[in-house]
Amino acid sequence: MSLLAKIAEIEAEMARTQKNKATSNHLGLLKARLAKMRRELITPKGGSGGGAGEGFDVAKTGDARIGFVGFPSVGKSTLLSNLAGVYSEVAAYEFTTLTTVPGVIRYKGAKIQLLDLPGIIEGAKDGKGRGRQVIAVARTCNLILIVLDVLKPLGHKKLIEHELEGFGIRLNKQPPNIGFKKKDKGGINFTVTCPQTELDSDAVKSILAEYKIHNADITLRGDCTADDLIDVVEGNRVYLPCIYVLNKIDQISIEELDIIYKVPHCVPISAHSRWNFDDLLEKMWDYLHLVRIYTKPKGQLPDYTSPVVLPTDHTTVEDFCLKIHKSLLKELKYALVWGASVKHNPQKVGKDHLMEDEDVIQLVKK
């Protein structure tokens, strides 16, 4: 029996099982089994070396990378060529783009790599179309733009989300607050810090037993679901921000546009007529969470044209030095910082100082 058939069988069983307290353990078990099979689908077993195919993934350049995901013919390539000035083949039939087309834009001093990925079709997570490679490249991005056709947005949105979820990509979510630590002996130690509506110790044990884990510490620090627990145990989930880009707004009325604007994480644009690109770029910048640091050579004015761009969670002076070159750290005596992160301008700081957006820094060597 093939993996796909097994997956279909489990999904059918989950669909016909009623949800109540008595069946929650059983459903949790099925979910865990499903997650395991999905993982086997993504990472095929065996070392039968396939021939070298043409390169699909693109080398990572710039400060961040954004992937365009969507069905064929929703305007991903038009959007890329109008944003970045890169020519990605555009035509009126489906599946024009067959491999990844990279482009780079400069926005607020940061170099952002845009990837035009081929169209995803239903069943991509089961390896249909070039779905597996497309979603594998999408996992390496810092932000995903789901490009939707404004005339049929919701159906497409649900399908694409379902495909990405099946691949372990979680959109606009935080990692679940669950402590999970394997150990050698001592059974399963289960602690809860707040009331749970779905999981109890039996459910947790049955899910872990499916993964052949019989000794572990589990701490639930929030109201968690079985899916959250499976995500933590699998450990290969990627949590990415995502913006829904509704393309082709030149085909709808103003009243419809007003309604669309109220949808969260959504930007309506027209790639063909270049409408509302500034709004899209601004939102992209917000979701990427980047911090710009300007450099200042001794005795000169700060260089405001080319900032060093860091992700928000790595903004210490040490990260700044490593971004330029790893030898800088050995020679660093202290740094002078001007800006919002310090009390005095300039202030002497060490390598653990956290910087904020648009700070100016001068490094003093030993």
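It should be emphasised that the depicted structure is a prediction, and the values quoted were computed from it without experimental measurement. (Residues numbered from 1 in each chain as written. Predicted model: local features only at pLDDT ≥ 70, side-chain atom pairs only at ≥ 80, totals over all residues. Heavy atoms only, no water.)

Draft legend 1. Here's a closer look at the sheet that holds strand 8 (residues 216-220). Pairing is mixed across the open sheet formed by three strands, whose spatial order is 6-8-7. With partners counted over all chains shown, the strands left at the sheet margins are strand 6 (178-182) and strand 7 (188-192), one partner each. On average, each strand axis in the sheet is tilted by 5° relative to the strand beside it, whichever way the strands run. In the packing of helix 6 (residues 201-210) onto the sheet, contacts are made with strand 6, strand 7 and strand 8, and the angle to strand 7 comes to roughly 135°. (Pairing = 2+ DSSP bridges. Helix = DSSP H or I, 4+ residues; strand = E, 2+ residues; numbered from the N terminus. Axes fitted to C-alpha atoms, helices over the stretch in contact; angles between N-to-C directions. Contact = heavy atoms within 4.5 Å.)

Draft legend 2. Geometry of the pairing of strand 12 (residues 290-295). With respect to burial, strand 12 is a largely interior element, five of its six residues being buried. Of the pairings in the sheet, the one linking strand 12 to strand 13 (residues 303-311) comprises five bridges and is antiparallel in character. Bridge assignment links T295 to a residue of strand 13, and that residue is D303. Inspection of the sheet shows strand 12 paired to strand 16 (residues 359-365) by three bridges, in the parallel sense. Each residue of the ladder has a partner; that of T295, found in strand 16, is I361. (Buried < 20%, exposed > 50% of the residue type's maximum accessible area, 1.4 Å probe, protein only.)

Draft legend 3. Looking closely at the confidence of the model for the protein chain. Per-residue pLDDT for the protein chain has a mean of 80; in total, 87% of the residues score no lower than 70. Between residues 47-54, whose pLDDT stays under 50, and residues either more than four places distant or in other chains, the model counts one contact. (pLDDT = per-residue confidence, 0-100.)

Draft legend 4. Expanded view of the side chain of R292. Tracing the backbone through its elements, the reader meets R292 in strand 12. If near-sequence neighbours (up to four positions away) are discounted, R292 is found in contact with K108, W285, P307, V308, V309, E356, D357, E358 and D359.

Draft legend 5. Structural context of the pattern of salt bridges. According to the stated counting rule, one finds 15 salt bridges in the structure shown. Its salt-bridge partner being D63, residue K323 comes within 3.1 Å of it at the nearest N-O pair. In this pair, K323 is assigned in helix 10 (residues 317-324) and D63 in the loop between helix 2 (24-42) and strand 1 (64-69), connecting sequence segments 260 residues apart. The class of D63 is partly exposed, set by a relative accessible area of 25%. Of the charged contacts in the structure, one is a salt bridge between R292 and E358, with a shortest N-O distance of 3.4 Å. Residue R292 is located in strand 12, and its partner E358 is located in the loop between strand 15 (347-349) and strand 16; the two are separated by 66 residues in the primary sequence. We classify R292 as buried; its relative accessible area is 8%. Three or more residues are tied together by salt bridges with common partners; here these are E165, R170, K173, D231 and R237. (Salt bridge = Lys/Arg side-chain N within 4 Å of Asp/Glu carboxyl O.)

Draft legend 6. Structural context of the sheet that holds strand 13. The mixed open sheet is built from five strands, whose spatial order is 13-12-16-14-15. Each having just a single partner strand, strand 13 and strand 15 make up the two edges of the open sheet. In this sheet, adjacent strand axes meet at a mean angle of 40° when their direction is disregarded.

Draft legend 7. The packing of aromatic side chains, seen in detail. Taken as a whole, this structure holds two aromatic pairs when the rule is applied. An angle of 70° between the planes, with centres 6.1 Å apart, marks the rings of Y107 and W285 as edge-to-face. With a gap of 178 residues between them, Y107 in strand 2 (residues 101-107) and W285 in helix 9 (residues 277-288) connect regions that are remote in the sequence. Ring centres 4.9 Å apart and planes at 80° place the aromatic pair Y294 and Y304 in the edge-to-face group. Taken together, the residues span a long stretch of sequence, with Y294 in strand 12 and Y304 in strand 13 at a distance of 10 residues. With a relative accessible area of 51%, Y304 lands in the exposed category. (Phe/Tyr/Trp six-rings, centres within 6.5 Å; stacked < 30°, edge-to-face > 60°.)

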